[in-house]
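Coordinates in review
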Amino acid sequence: MNTRKILLSENEIPEAWYNIVHDMPNKPLPPLHPGTKEPIGPDALAPLFPMGLIQQEVTQEKWVEIPEEVREVYKIWRPTPMFRAIGLEKALDTPAKIYYKYEGVSPSGSHKPNTAVAQAYYNKQEGVKRITTETGAGQWGSALSFACQHFGIECEVYMVKISYKQKPYRKMMMNTWGANVHPSPTDLTEAGRQVLAKNPDSPGSLGIAISEAVERAASDEHTKYALGSVLNHVLMHQTVIGLEAVKQMEKAGDQPDIVVAPFGGGSNFAGISFPFLRLNLEEGQNIRCIASEPSSCPKLTRGVFRYDFGDMVGMTPLLPMYTLGHNFVPAPIHAGGLRYHGAGVVVSQLLRDQLIEARAHDQLECFEAGVLFAKTEGIIPAPETNHAIATAIQEAKRCKEEGKSETILIHLCGHGNFDLAAYENYLSGNLVRHEITEEEIQAALAELDTPTID
Ligand SMILES: *Cc1c(COP(=O)(O)O)cnc(C)c1O
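Residues numbered from 1 in each chain as written. Predicted model: local features only at pLDDT ≥ 70, side-chain atom pairs only at ≥ 80, totals over all residues. Heavy atoms only, no water.

Some details on the domain arrangement of the protein
You'll often see interface size given as the accessible area lost when the parts meet. Along its sequence, the protein is organised into domain 1 (5–10 + 78–109 + 239–446) and domain 2 (15–66 + 111–232). Inter-centroid distance (C-alpha atoms) of domain 1 to domain 2 is 23 Å. Counting the surface lost from both domain 1 and domain 2, the interface buries some 3600 Å², and carbon and sulfur atoms represent 68% of this. Between the two partners, domain 1 and domain 2, sit 1 salt bridge. The partner of Lys 62 in a salt bridge is Glu 282, with the nearest N and O atoms 2.2 Å apart. (Domains from an automatic or database assignment. Buried area = accessible area lost by both parts, 1.4 Å probe. Salt bridge = Lys/Arg side-chain N within 4 Å of Asp/Glu carboxyl O.)

What follows is the structure in structure tokens.
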């Protein structure tokens, strides 16, 4: 009989996060000041983040101890299970072995609480009373609401107004955990009031919501700001996923040839893949790590590597990254978490050095993959997650053509139980193919006047 489920016990929750910066052959380039364009140091971040997290943002230490209080909260859902995808393998009639690591068992249903809990903890340590953040579809806002509730910190979420209206369940989750959720733009901030003065019916955008959350944190000494992806410390917190997965693959008596994960800003991809990349960098192994992105927002496969802003307004430090330009507005595809113009600095450098790969998929292909997964494995994946499943299916088909029995590990980073409207759209034939043209990409990039990198 085949093993279907590979479990770890509570005492196998990792004791330290893995910091890949220590092992990178080329270290990330420094962030630049948005005005002077000179390199900035860690203290520039002090108004927004607690020192504990700023230190993690810049450290090159290889292992960073996970505080006992954080490991205690992790025990609510960690270690997460790994499964052999026997049903999917059969349906594809492939000699490849497919496994998946499932983060949908967390309280908010994705990988995001792994960093939300850590971030809330370090804020609590430094006496922070309130944390602000932005959220689009609501995955990050709900994870942070859960984490803040646990540590007795007030949570203020600026949710893009159109999502607030269209996706009420995520908002209700946040309210249940005690968070204040505002439809952004609001009249609580200067940034919001400016937008409303021009357009009282503005549907909002992630860029506006970020500006509001940052303004609130910058103007109150007891309030800090939190980000759910992109930054080094966020990527590092997520490595608990891959550290567990390495142990689970060992337990299964197997080793992945390929690790695939969806890519928005890079946090879940980093989480599962960095501990496997460590084996490549340290032991000379050759595990392929593939980041899967939407063909409508293809920053890794069709963007440029240069300095760009993290937000759309141009307030954040300039970061060296793969980007489509901070003015790029992706089509409203049904994978909200992947509609980001840029990518984390560490993942960008790894791609530039060809230590990881990237692949883009159309949303129809992704939903087809997600529905096949739901039918064969039971779990309905988040629309973001479907991108990784699409890549895995391509690889499993290649294995069949080449007669190879490779092992593929999928990161099933979240369930899609709050995204059923997107599935309904797909099932009723209303989703359209979407690939952006080279002209659209060139037009967005032509607007960039940020520093280039040779
Ligand atoms: C937020 C989110 C993503 C995209 O963000 P990353 O930082 O790239 O991981 C992908 N999948 C799910 C389920 C998410 O909630």
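Structural notes on the site of the ligand
Lys 112, Ser 229, Gly 264, Ser 267 and Asn 268 are the nearest of the 16 residues found near the ligand. One of the backbone nitrogen or oxygen atoms of Gly 264 is found 2.7 Å away from an oxygen atom of the ligand. Interatomic distance of 2.7 Å between a side-chain N/O atom of Ser 267 and an oxygen atom of the ligand. Relative to its free-state accessible area of 390 Å², the ligand is covered by the protein chains to the extent of 97%. Classifying every residue of the shell around the ligand by side-chain character gives 4 nonpolar, 10 polar and 2 charged. If you count residues domain by domain, the shell around the ligand takes at least three from each of domain 1 (5–10 + 78–109 + 239–446) and domain 2 (15–66 + 111–232). (Near = heavy atom within 4 Å. Polar contact = N/O pair within 3.5 Å; in protein donor to acceptor, adjacent residues only side chain to side chain. Areas by Shrake-Rupley, 256 points an atom, 1.4 Å probe, with all protein chains shown as cover. Nonpolar A, V, L, I, M, F, W, Y, C, P; charged D, E, K, R; others polar.)

A word on the pairing of strand S13 (residues 318–323)
In terms of burial, S13 is largely enclosed, as 6 of its 6 residues are buried. Burial of S13 is two-sided: the residues Leu 318, Pro 320 and Tyr 322 facing one way and the residues Leu 319, Met 321 and Thr 323 facing the other way are all buried. Bridge count between strand S12 (residues 304–309) and S13: 6 bridges; the pairing is antiparallel. Residue pairing across strands places Val 304 opposite Thr 323, the latter belonging to S13. (Buried < 20%, exposed > 50% of the residue type's maximum accessible area, 1.4 Å probe, protein only. Helix = DSSP H or I, 4+ residues; strand = E, 2+ residues; numbered from the N terminus. Pairing = 2+ DSSP bridges.)

Here's the deal with the UniProt feature "modified residue: N6-(pyridoxal phosphate)lysine" (unreviewed entry) in the protein
Here the UniProt feature "modified residue: N6-(pyridoxal phosphate)lysine" (unreviewed entry) sits at Lys 112. Residue position: Lys 112 is located in the loop between strand S5 (97–102) and helix H4 (113–125). Here Lys 112 falls in the buried class, since its relative accessible area comes to 15%. (UniProt positions renumbered as here; feature names shortened; annotations may be inferred.)

Here we look at the sheet that holds strand S15 (residues 407–412)
Judged by pairing direction, the sheet is mixed, and its 7 strands sit side by side in the order S1-S4-S5-S15-S10-S11-S14 without closing on themselves. Lying at the two open borders of the sheet, with one neighbouring strand each, are strand S1 (5–6) and strand S14 (357–361). Examined bridge by bridge, strand S10 (residues 258–262) and S15 share 3 bridges and lie parallel to one another. Bridge pairing in S15 links Val 259 to Leu 409. Contacts between helix H15 (residues 363–377) and the sheet are confined to strand S4 (82–84), S5, S14 and S15, with S14 contributing the most and set at about 95° to the helix. Across the face of the sheet, helix H16 (residues 385–402) comes into contact with S5, S10, strand S11 (288–294), S14 and S15 while running at roughly 170° to S15. (Contact = heavy atoms within 4.5 Å. Axes fitted to C-alpha atoms, helices over the stretch in contact; angles between N-to-C directions.)

Considerations on the environment of Asp 187
Structurally, Asp 187 is set in the loop between strand S8 (180–184) and helix H8 (190–198). Assessed through its relative accessible area of 54%, Asp 187 is described here as exposed. Distance from Asp 187 to Glu 212, taken between C-alpha atoms, is 9.7 Å for residues 25 residues apart in sequence. Contacts of Asp 187, omitting those with residues within four sequence positions, involve Arg 193 and Leu 196.

Quick look at the nonpolar core
Counting residues in hydrophobic clusters, the biggest one holds 77 residues, and the most contacted among them are Trp 17, Tyr 74, Val 117, Phe 274 and Phe 276. Residues in contact with Phe 274, not counting those within four places in the same chain, are Tyr 18, Ile 20, Leu 235, Thr 239, Phe 269, Val 346, Val 347 and Leu 350. By size, the runner-up hydrophobic cluster in this structure holds 25 residues, among which are Tyr 102, Ile 258, Cys 366 and Phe 373. (Core = buried A, V, L, I, M, F, W, Y, C linked by side-chain atoms within 4.5 Å.)

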